[in-house]
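# Summary of the model geometry
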Amino acid sequence: MCEIKKVACASKDESLYHIFSQVSPEIFREFLLEREASKVCLSCGINKLYIPTREMEGGKGHYVWYQSINHAFDITPDNAEYLTVCTHCGYISRYHSMIVFDWMAKLQKKESGDG
């Protein structure tokens, strides 16, 4: 189900987009469930959490939106995070992208029988 695809990319930006766009809302939800992340807002306790997404280039689906952790530096896998947002009070929970990518790689190995 989770496969980190490797492709030849023309630029660094294209390569980063390819890496980050592999985290679909379904994969991110699976990550959150497996890691036993809270299903309710840590601030107000309401269970109305939203995962911000963006449409993939060419309309090929959606990926989980990400942002830079330290805006003084470029977005890279070790300087990016995914978010969940409470639609009731606006509280934001943050998840470091490298943890998500490491989890995806381990899941891929396990599913392929290498792990």
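Residues numbered from 1 in each chain as written. Predicted model: local features only at pLDDT ≥ 70, side-chain atom pairs only at ≥ 80, totals over all residues. Heavy atoms only, no water.

## Here we look at the pairing of strand S6 (residues 92–96)
For clarity, the cut-off: The cut-offs for exposure are 20% and 50% of the maximum accessible area for each residue type, with area from a 1.4 Å probe on protein chains only; residues under the lower value are buried, those over the upper are exposed, and the others partly exposed. Segments assigned H or I by DSSP are reported as helices when at least four residues long, segments assigned E as strands when at least two residues long, and all are numbered from the N terminus. Between any two strands, pairing holds if DSSP finds at least two bridges.
The alternating pattern of S6 places Ser93 and Tyr95 on a buried face and Ile92, Arg94 and His96 on a face that is not buried. In textbook terms, the turn of a hairpin is the stretch between consecutive antiparallel strands, and for strand S5 (residues 80–86) and S6 this stretch comprises 5 residues, one of which, Gly90, has a positive phi near 90 degrees.

## A look at the confidence of the model for the protein
This is how it is decided: Values of pLDDT, ranging from 0 to 100, describe the predictor's confidence in every residue of the model.
Of the residues in the protein, 87% reach a pLDDT of 70 or more, and the chain-wide mean stands at 88. The least confident element of the protein, judged by mean pLDDT, is helix H1 (residues 12–21) at 80; the most confident is S6 at 98.

## Observations regarding the pairing of S5
Of all 7 residues in S5, 7 are buried; the element is thus mostly enclosed. Covered by surrounding structure in S5 are Ala80, Tyr82, Thr84 and Cys86 together with Glu81, Leu83 and Val85, the residues of both alternating faces. Looking at chain direction, strand S1 (residues 49–50) and S5 are connected through 2 bridges and run antiparallel. Paired with Leu49 across the bridge in S5 is Cys86. With 3 bridges connecting them, strand S4 (residues 66–68) and S5 associate as antiparallel partners. Note that in S5 the partner of Gln67 across the bridge is Glu81. Bridge analysis of S5 against S6 gives 5 bridges, and the strand direction is antiparallel. For Glu81, the partnering residue across the bridge sits in S6 and is His96.

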